[in-house]
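Tertiary structure, described
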Amino acid sequence: MPRPHNMPLPPAARSKTVTAVLGPTNTGKTHLAIERMLAQKSGLIGLPLRLLAREVYGRIAERAGADAVALITGEEKILPKSARFYVSTVEAMPLDLDTEFVAIDEVQLAGDLDRGHVFTDRILNLRGRSETLLLGAATVRPLLEKLIPGLNVVTRPRMSVLAYAGQKKVSRLPPRSAIVAFSSDEVYGIAELIRRQRGGAAVVLGSLSPRTRNAQVELFQNGDVEHLVATDAIGMGLNLDVDHIAFAGNRKYDGYQYRQLTAAEMGQIAGRAGRHTRDGTFGVTGRVDPLDDDLVEQIENHHFGALKVLQWRNSHLDFSSTTALRRTLDRPPNEDGLARAPISEDITALENLLRDSLIQDLAKGQKAVELLWDVCQVPDYRKIAPANHAELLNTIYTHLMQDGAIADDWFTRQLAFADRTDGDIDTLANRIAHIRTWTFVANRPDWLADPAHWQGVTRDIEDRLSDALHDRLTQRFVDRRTSVLMRRLRENAMLEAEITSSGDVLVEGQHIGNLLGFRFAPDSSAEGQDEKAVRAAAQKALTTEIENRADRLSRSENGDFILASDGSIRWRGEAVAKLTAGEDVLSPTVLLLADEHLTGPARDKVQERINLWVRSQVETLLKPLTDLKAAEGLAGLARGIAFRIVEGLGVLERQEAADEIRQLDQDMRASLRKLGVRFGAYNIYVPALLKPAPSQLLAQLWALKHGSLDMDGLSELPQLSASGRTSIPVDPTIDKALYKVVGFRVCGPRAVRIDILERLADLIRPLIAWKPLDAEVSPPDGAIAEGGGFTVTVAMTSLLGCAGEDFSAVLKSLGYRLENREVQRPAAPKAEEPGQPTEAEVPAEAAPENAEAAGETSETPSAESASPETTAEPAPVEAEAPVEAGAEVEAVTGTESAEPAAEAEAAPTQEASAAEAPAEAGEMETVTIEIWRPGRSDRRPRGRSQDNRRGAEGRKGAGQKRPAGPKGKGGKPQRGGKPFEGGQGRRDKAPQRDKPIDPDSPFAALMALKTDMDNKGKK
């Protein structure tokens, strides 16, 4: 007949069947208990942690069979019908069992302020019929011998040596180390550090579910990681293959205050280093001061001060009333060596519940009071606040008293709060704490209508949450690649390496880096103590792959290469080389981007092929420049002009070589034209180089030689040029030379494309050269009545894409001078529709908006259509096209880039022509118009003869002085060359030329236009 569990043993009977097996860690005490219990018919063992209970349960079930072993904890019960052996936490030990064997582990915890009274009760009152073992540290021996007279004590020595290893940084800890911290935040922080520097760590906290803890420990035990970060829970009998224990702190919160760890507590934790006969070491991390010599001596020799008292609380309770229950709980101990335990969570919960009048009314009678005390035993796993925990217990007790059981629908709603596996580590840990409460409730035999069902439901939820938490911990604190590699390295196995088609380098299936072209870029997280071994394993695969790549590159087509904006040469998308400045802009140096894996003949093949591609790229895109540089077929001055064009990367400002250009004969000019050179009014240039691809390449080559590839404007200007912009605002931060390289000329606040400047000159030239032939003939759009100047037209502003002050600044930079004139004109008639301006009132500033329309309606042919590069222009017609705009009047009959600008029919007159026309009847008004005239060249003396100005190139009239021209219309002298006699002029007195005029040339078109205008004048 078993003794009632609430009846304490008298001191004289306590030593019956009891043996205390005491000693430090790693003495085999738990192993001894398991062996002794399995030798009996039945047995019960109490362990300090649910985690340890799970471990011991597994070991016993493996030997005796799962049907013979029961597991009893607060949150879990496995109770086979034929169970003979019971494994339990100390708090959940069934006190009504009558077994042959009883063992209580870590009995020194009887001195713990929080849980000690439970251990003391089991030590004093729980016995096996034939054998009882009390397992623990030697520090509890004096008190055990005092409280259990006649106790048989057996001491066991440690099986291995424990030595102090001093202070080391976390990053320098040896493999198979456990770092002990005393809060979850510290544990997570250290684990994160180890992951970054050593590949990963397993994490063990006392609050983890057994399933999560076992999964984490398995990572450490099987060698996936070499480090374990844990709380002091590992000091309570967890058996791990740990070689070194490192303390990351020496203070802990014990539920009441922060305090220093005692020497015995540190010895209990440090003793986990070493397993069986393998020696272990202990020490501290860099954030903890080195241990004192006295403390080290105590830990190494396991000599600690004995416990002074054991915590005790009366277990013989009176449930006749709540008052009687309180009185018996408050009873003090009456034996030496026992101290009354501090108020614990269950007593606090009882006090909070009894403040509710409803609970006081319900707690009447022995069964009601006993049930109330049972409800108070529900642990506060959530650790929110005592009041919140009491509120939950209040609801549970009310359900039990009023309904006889907890309602299923209410219980289901509580489970729903925890039944989710999303969220981070802390969220999942909180849900596990929540579900542990309901697991504890479900394991009470009579609190639910179907407790077995709800035990399964809560266990499933906890398992899912545990698995999710393990996954989150592993993802955050373990680098799977490194863990696999380290395991293979420990096994001294040959590592298998491969390189995927995308360049990923894999060793044992784990990504360790990328092969970028001919360079291996290791994954930063692959660095560490295994880096050399990993790279050695990858060496063979890298060498083979790089040699194969070199062979493929050497046989690649030109289309497989591109030159990137950063100057790198990419082969099939991967950077393999980089351009650097050479001695000549057009001959850059190629620098291979390769590491030590590319050597010997393979490297030579790659270098040769990329050099060939660069030369081909330059010779293809910049062929006009390379032809000019070779200067085949050029002689004398033409060769010098070609050199200067190459020096300017395709652009030579005419004023910089005005004297040389004037001295070129027609054969020299023709030879330059055959090489793609165009002679313009402002620039001698190569139109083919203004295309996007050559322009981009020129800009890059120039930047390599004169600056860097990250200089301002290098990426923007070629894009603006390629987009079709005819002019752009000037950015003062961009080198003006760069504008010239990409085909723009800086003209005041705007940069204008050089070919557009020539088209502008083609628009302006016929307006300046226009002369009145008949009073009835109206001047063309933009010309002025007396000639020699022009007004800005929509076609001009549309061409440049700017108007107003910007356009005026462009003209001034080209050498034109502005003249304001007040003229009379008939008042404009009122518009038929209010607010609709007349044609004459449309300002020039509106031109950019009508650019497209103007371009479509303009009859002025473009330079490409009217004056193609291949057109052979007759020598007598060619003009010098001097630098300054003032000389354009003298070159009206022809120039290399001249395009016919006059229209076939006279356009409507603008402000200037309207002002000169006879006033019609009606009101007159005075307006100010802007007239632009060519400025005089500063490079040419004012008294210089016409012969010198025009040069001695065989043109008509060379060396002859022309008489002053006759008066024009209105008595004003005519301008622009020989006088027109009888309205005929040069047309009637043109001398015979050495060569016939090409009828397709722009000069022939211009002569025909003038003839047509003369004929109209005669009519």
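Residues numbered from 1 in each chain as written. Predicted model: local features only at pLDDT ≥ 70, side-chain atom pairs only at ≥ 80, totals over all residues. Heavy atoms only, no water.

1. Some remarks on the overall build of the protein
Summing up its helical and strand segments, the protein has 35 helices and 34 strands in all. Residue pairs in contact within the protein that sit at least 24 positions apart in sequence constitute 70% of those at least 6 positions apart. Approximately 46900 Å² of the protein is accessible, and the part contributed by carbon and sulfur atoms is 49%. (Helix = DSSP H or I, 4+ residues; strand = E, 2+ residues; numbered from the N terminus. Contact = heavy atoms within 4.5 Å. Areas by Shrake-Rupley, 256 points an atom, 1.4 Å probe, with all protein chains shown as cover.)

2. As for the nonpolar core
Membership of the largest hydrophobic core comes to 70 residues, with the highest contact counts inside it found for Ile569, Ile610, Leu622, Leu628, Leu672 and Leu701. For this core, the element with the most residues is helix α24 (residues 692-706), which contributes 7 residues. Those residues within four positions of Ile610 in sequence are excluded, and the remaining contacts are Leu553, Phe561, Ile569, Val576, Ala577, Val590 and Leu592. Core analysis: the second largest hydrophobic core is formed by 65 residues, Ile190, Leu354, Cys376 and Ile425 among them. (Core = buried A, V, L, I, M, F, W, Y, C linked by side-chain atoms within 4.5 Å. Buried < 20%, exposed > 50% of the residue type's maximum accessible area, 1.4 Å probe, protein only.)

3. Quick look at the packing of aromatic side chains
Applying the stated criterion to the full structure yields 9 aromatic pairs. With 5.3 Å between their ring centres and 45 degrees between their planes, Tyr164 and Phe282 make a pair best called tilted. Here Phe282 lies in strand β16 (residues 280-284) and Tyr164 lies in strand β9 (residues 162-167), a separation of 118 residues in the sequence. You can call Tyr164 partly exposed: its relative accessible area is 24%. Given a relative accessible area of 0%, Phe282 falls into the buried group. Above the plane of the ring of Trp447 lies Arg444, whose end atom (NZ or CZ) is 5.1 Å from the centre. Above the ring of Phe679, the side-chain terminus of Arg669 is found at 5.4 Å from the ring centroid. (Phe/Tyr/Trp six-rings, centres within 6.5 Å; stacked < 30°, edge-to-face > 60°. Lys NZ or Arg CZ within 6 Å of the ring centre and 35° of its normal.)

4. Some thoughts on the sheet that holds strand β26 (residues 587-592)
Read from one edge to the other, the open sheet built from 4 strands follows the order β23-β24-β25-β26, with strand pairing classed as antiparallel. One side of each edge strand has no neighbouring strand; the edge strands of this open sheet are β23 (561-563) and β26. Taken over all neighbouring pairs, the strand axes of this sheet differ in orientation by 30 degrees on average, direction set aside. As paired elements, β23 and strand β24 (residues 568-571) share 3 bridges and run antiparallel to each other. By the bridge assignment, Phe561 is partnered in β24 with Trp571. (Pairing = 2+ DSSP bridges. Axes fitted to C-alpha atoms, helices over the stretch in contact; angles between N-to-C directions.)

5. Some thoughts on the sheet that holds strand β29 (residues 683-685)
Spatially, β27-β29-β28 is the arrangement adopted by the 3 strands of the open sheet, whose pairing is antiparallel. Every interior strand has two partners, whereas the edge strands, β27 (651-653) and β28 (678-679), have only one. Across 3 bridges, the pairing between β27 and β29 is antiparallel. Within β29, the position partnered with Val651 by the bridge is Tyr685. Contacting β27 and β29, helix α27 (residues 754-769) crosses the sheet at an angle of about 130 degrees to β29.

6. Comments concerning the packing of helix α14 (residues 408-416) against helix α15 (residues 425-442)
The interhelical angle for the contact between α14 and α15, taken along N-to-C directions, is 150 degrees, at an axis separation of 9 Å. Between α14 and α15, the interaxial angle falls into the category roughly antiparallel. Here Trp410, Phe411, Gln414 and Leu415 of α14 lie close against α15, whose contacting residues are His434, Ile435, Trp438, Val441 and Ala442. In terms of residue class, the contact of α14 with α15 is made up of 7 nonpolar, 2 polar and no charged. (Parallel < 35°, antiparallel > 145°, perpendicular 65-115°, else oblique. Nonpolar A, V, L, I, M, F, W, Y, C, P; charged D, E, K, R; others polar.)

7. Some words on α14
Owing to its 3.6 residues per turn, the α-helix aligns residues three or four sequence positions apart on the same side. Burial in α14 covers these residues: Trp410, Phe411, Gln414 and Leu415. Viewed end-on, α14 has its buried residues packed into an arc of 140 degrees, placing them on one side of the element. Packed against the buried residues of α14 are α13 (386-403), α15 and α16 (451-477). (Arc of directions from axis to C-beta.)

So yeah, pure geometry; function would need other evidence.
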